[in-house]
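A look at the structure
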Amino acid sequence: MSIIGGPHYSSDTKLGLGLVAAGIYRTSKSDTLTTPSNVSLYGDVSTSGFYLIGLRGNHIFPRDKYRIDYNYYFYSFPTKYWGIGYHNGNNDANETDYEDFRIQMRTDFYFHIAEGLYIGPGVAFDWIKARKIADKRLWDGYPLKTTDFGIGVQARWDTRDNLTAPEKGWLIGIEQKFFPKNIINSRYFSYTDFQLNYYTKAWKGSVIAGRYHLKYSYGDVPWGMLPTFGGSSTMRGYYEGRYRDKGEMDLTLELRQHVWRRNGFVVWAGVGSVFPKLSKMRLNQLLPNCGIGYRWEFKKHTNVRLDFGIGKGETGFIFNIDEAF
């Protein structure tokens with residue numbers, strides 16, 4: 001178990017202080033071949049009024065017969081909203097201040113079916129409230145507070161050599177979640193999430209990592225559950241939530257290079273977009289993304305990362321733990 005913290009700055013949260021307690025452990029002392037489990041308790045506060053606390057990890061059972069992936073967090077985020085759709089997000093005049101208060105819980109259980117193949121059920125819970133809104137017109141009548149509980153199934157083919165800083169292997173996953181109308185959910189909707197990651201060593205000390213991601217939702221989707229990108233993981237440099245719609249796609253290619261002792265750097269380039277239907281995705285609405293980052297390995301396969309991302313008309317700094325994907 002190690003604890004690390006420090007200051008950071010991003011266009012989303014401004015100047016902040018982050019703290020992460022990260023641990024790596026094994027569920028069986030005699031099984032040294034199975035990928036170790038990991039857990040992180042993380043928190044953040046910033047001068048914008050943002051605060052967050054969360055717990056995430058990957059629990060690997062002995063002999064890798066089962067896996068549990070989980071991420072639980074809540075935050076209060078003074079942020080901005082541009083409305084729904086590419087054209088609203090691309091219009092600077094739509095920028096509206098509000099506070100996003102959110103509780104999110106994700107738990108996915110996997111059965112090990114065959115070499116690298118995992119399938120299992122999952123549950124999701126989201127409580128979202130928009131408050132302190134400067135201008136409600138862009139919400140276009142959507143409820144400002146929603147509670148959503150979903151169940152589903154996911155399948156994953158995972159041949160990565162480790163989960164937090166892969167150097168080789170594949171990750172191909174598909175997830176289907178359903179949010180049925182019931183005493184908790186006031187509306188029915190669902191989403192399909194697909195990702196394909198690839199990692200390979202190119203030359204000494206280098207890793208080339210690629211990621212393709214597509215998320216598409218169906219039904220009466222709440223504004224806070226619409227697919228989006230930005231922030232610390234996808235399309236770094238874009239303001240998280242600026243572009244949102246029923247569908248989202250992003251593609252990233254990244255070079256990770258070890259330089260000296262615990263130090264390294266990364267460079268990446270990519271594109272992404274949002275759209276109401278797959279048939280309405282347009283090439284002239286693709287958004288560019290690129291950036292550069294510094295890496296410091298404070299535990300084996302556990303990196304502290306400082307990234308500077310560049311998007312269309314905006315930039316952002318990100319301080320976080322583990323690789324973006």
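Here the structure is a predicted model, which is why all the values come from computation and not from measurement. (Residues numbered from 1 in each chain as written. Predicted model: local features only at pLDDT ≥ 70, side-chain atom pairs only at ≥ 80, totals over all residues. Heavy atoms only, no water.)

Observations regarding the environment of L251
You can see L251 is positioned in strand β12 (residues 247–260). Along the backbone, L251 and G18 are 233 residues apart, and their C-alpha atoms lie at a distance of 28 Å. With residues near it in sequence (within four places) discarded, L251 still touches R211, Y212, A269, G270 and V271. (Helix = DSSP H or I, 4+ residues; strand = E, 2+ residues; numbered from the N terminus. Contact = heavy atoms within 4.5 Å.)

Quick notes on the layout of surface pockets
Of the voids in this model, the largest pocket is the one considered here, and its volume is about 400 Å³. Lining the largest pocket are 23 residues, with E167, G205, V207, H258 and N303 sitting closest to its centre. Taken together, the elements giving at least two residues each to the lining of the largest pocket come down to β11 (206–219), β12, β13 (263–275) and β14 (287–299). A per-element tally of the lining of the largest pocket places β13 first, with 4 residues. Residues that form the lining of the largest pocket fall into these classes: 6 nonpolar, 8 polar and 9 charged. (1 Å grid on protein atoms, 1.4 Å probe; cavity = no way out; pocket = protein on both sides within 12 Å on 5 of 7 lines; lining within 4 Å. Points joined across faces, edges and corners; volume = space filled by probe spheres on them. Nonpolar A, V, L, I, M, F, W, Y, C, P; charged D, E, K, R; others polar.)

As for the pattern of salt bridges
Overall, the coordinates contain 25 salt bridges when judged by the stated rule. The partner of D135 in a salt bridge is R137, with the nearest N and O atoms 2.6 Å apart. R295 is the salt-bridge partner of D307, the closest N and O atoms lying 2.7 Å from each other. With D307 in strand β15 (residues 302–311) and R295 in strand β14, this residue pair connects regions lying 12 residues apart in the sequence. (Salt bridge = Lys/Arg side-chain N within 4 Å of Asp/Glu carboxyl O.)

Details of the environment of W157
Its location among the elements puts W157 in strand β8 (residues 145–158). Taking the C-alpha atoms as reference points, W157 and I119, 38 residues apart in sequence, are found 8.7 Å from one another. Discounting chain neighbours no more than four positions away, the residues touching W157 are E115, G116, L117, W170, L171 and I172.

With respect to the nonpolar core
Counting residues in each nonpolar core, the largest one holds 15 residues, and the members touching the most others are I4, V20, Y75, F298, V304 and I321. At the level of elements, β2 (14–25), β5 (66–81) and β16 (314–321) are the ones that each hand at least two residues to this core. Sort the elements by how many residues they give to this core and β5 lands first, with 3 residues. Setting aside its immediate chain neighbours within four residues, I4 contacts G18, L19, V20, W296, F298, V304 and I321. Grouped together as the second largest cluster of nonpolar side chains are 14 residues, Y98, I128, Y191 and W223 included. (Core = buried A, V, L, I, M, F, W, Y, C linked by side-chain atoms within 4.5 Å. Buried < 20%, exposed > 50% of the residue type's maximum accessible area, 1.4 Å probe, protein only.)

Quick word on the packing of aromatic side chains
Within this structure, the stated rule accounts for 31 aromatic pairs. Aromatic side chains W82 and Y239 sit 5.5 Å apart centroid to centroid with 65° between the ring planes, which places their arrangement in the edge-to-face category. Of this pair, W82 sits in the loop between β5 and α1 (86–89) while Y239 sits in the loop between β11 and β12, placing them 157 residues apart in sequence. Look at W82 and you get buried, because its relative accessible area is 2%. Between the aromatic rings of Y199 and F325, the centroid separation amounts to 6.4 Å while the plane-to-plane angle is 35°, which identifies the pairing as tilted. With Y199 in strand β10 (residues 189–200) and F325 in the segment after β16, this pair connects stretches of sequence that are 126 residues apart. On the accessibility criterion, F325 (10% relative accessible area) is buried. (Phe/Tyr/Trp six-rings, centres within 6.5 Å; stacked < 30°, edge-to-face > 60°.)

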